Structures are given as C-alpha cells and as structure tokens.
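Structural features, examined
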Amino acid sequence: MSEREPAEPAEETSFVRPFIITGGRAEPLQTDLRLETLVVAVGAPDESLTFERRHIVAVCAQPTTVAEVAHRVGVPLGVAKVLISDLVVAGQLACRQPAELPLQMLERIRDHVRAL
C-alpha cells in the first residue's frame with residue numbers, strides 16, 4: 001500500500017507583503033509613535049488613499065491606540081506605524097501621547113503581574 005502525500009494547501013492569493021503596503025519603507029516618518037499613542041481621524045477618509053490607509057482613517061474615527069489600529073486593520077505593528085505616520089504627515093490623522101503613568105500606578109501593575 002502506498003501512502004499518498006498530503007496535498008499542498010492552496011496559497012492564499014489575498015496576502016500582500018508588508019513592504020508592498022509601506023512602499024518598501026520600514027521606518028515611520030514620525031519616530032515618537034508608541035503602542036499607546038492615541039490617533040484620531042481629522043476628517044473623512046480621502047478617497048485617493050490606498051485601501052489600508054482608508055481603513056486606518058475609518059478605524060480612527062474615535063481615538064484609538066497604535067496597537068489597536070494594527071490589530072483592527074490586520075497588519076504588523078511596524079507597518080501600522082509607517083502608515084499612521086504617513087497619515088499624520090498628510091493631515092489625515094492627529095496623534096497625542098497619553099500622560100505618563102505615575103510611578104505608584106506602575107508599581108501596582110508590576111505587583112499584579114507578579115501575582116499571576
């Protein structure tokens with residue numbers, strides 16, 4: 001009895017390489033974007049934007065963190081940072097850093113994580 005080799009899974013044709021989405025860039029124009037940076041759309045998405053950029057502007061109708069944008073758009077964090085920074089420079093998004101957490105709050109978070 002000969003064993004049949006499993007059929008290779010069909011390649012997903014909808015996958016787009018991250019470097020295609022960012023135009024080959026790996027570094028954002030704005031280097032101060034952190035995971036917790038809040039971004040919000042300045043207006044309605046410009047129809048001339050690419051699909052991912054339009055999607056980001058739509059997601060940011062309400063203030064949203066950079067990490068959440070990456071998750072909701074379905075792109076790696078580095079790609080999200082590049083696209084978000086492009087949109088901030090283009091005037092489509094505004095960003096603001098949340099206030100720093102007080103040391104006491106950070107210590108409490110650390111203690112709770114250790115307790116897990």
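Heads up: the structure comes first, above all this text.
Anyway, here's the lowdown on the structure attached to this text.

1. What about the overall build of the protein?
Broken down by element type, the protein carries 5 helices and 3 strands. In the protein, the order of α-helices and β-strands from amino to carboxyl end is α-β-α-β-α-α-β-α. For the protein, contacts bridging at least 24 residues in sequence account for 70% of all contacts bridging at least 6. Summed over its atoms, the accessible surface of the protein is roughly 8,500 Å², and 56% of this surface lies on carbon and sulfur atoms.

2. Let's talk about the pairing of strand E1 (residues 38-41)
Because side chains alternate across E1, one face comprises the buried residues Val39 and Ala41, and the other comprises Leu38 and Val40, none of which is buried. As judged from the 2 bridges shared by E1 and strand E2 (residues 64-65), these two strands associate in the antiparallel manner. Along E2, the bridge assignment pairs Leu38 with Thr65. Of the strand pairs in this sheet, E1 and strand E3 (residues 93-96) are connected by 4 bridges, and their pairing is antiparallel.

3. Quick word on the nonpolar core
Counting 20 residues, the largest nonpolar core has Ile56, Cys60, Val69, Ile84 and Leu93 as its most contacted members. For this core, the elements supplying multiple residues, two or more each, are E1, helix H2 (51-59), helix H3 (66-73) and helix H4 (77-89). The element best represented in this core is H4, accounting for 6 residues. With residues near it in sequence (within four places) discarded, Leu93 still touches Val40, Ala41, Val42, Ile56, Val57, Cys60, Ile84, Leu87 and Val88.

Thresholds, definitions, all that
Every chain begins its residue count from 1, and numbering advances along the sequence as written. Local features are withheld for residues below a pLDDT of 70 in this predicted model, meaning they are given only at 70 or higher, and side-chain atom pairs are given and counted only at 80 or more; totals for whole chains, interfaces and linings count all residues. Calculated side-chain values reflect all of the structure's heavy atoms, with hydrogen atoms and water omitted. By the criteria applied, helices consist of DSSP H or I runs no shorter than four residues and strands consist of E runs no shorter than two, each listed in order from the N terminus. Any two residues whose heavy atoms approach within 4.5 Å are treated as being in contact. Accessible areas in this description were obtained via Shrake-Rupley with a 1.4 Å probe; residue shielding takes into account the shown protein chains only. Burial here depends on accessible area, computed with a 1.4 Å probe over protein chains only, as a share of the maximum for the residue type. Under 20% is buried, over 50% is exposed, and the range in between is partly exposed. Here, any two strands with at least 2 DSSP bridges between them count as paired. The criterion is simple. A nonpolar core is a set of buried Ala, Val, Leu, Ile, Met, Phe, Trp, Tyr and Cys residues joined through side-chain atoms within 4.5 Å.

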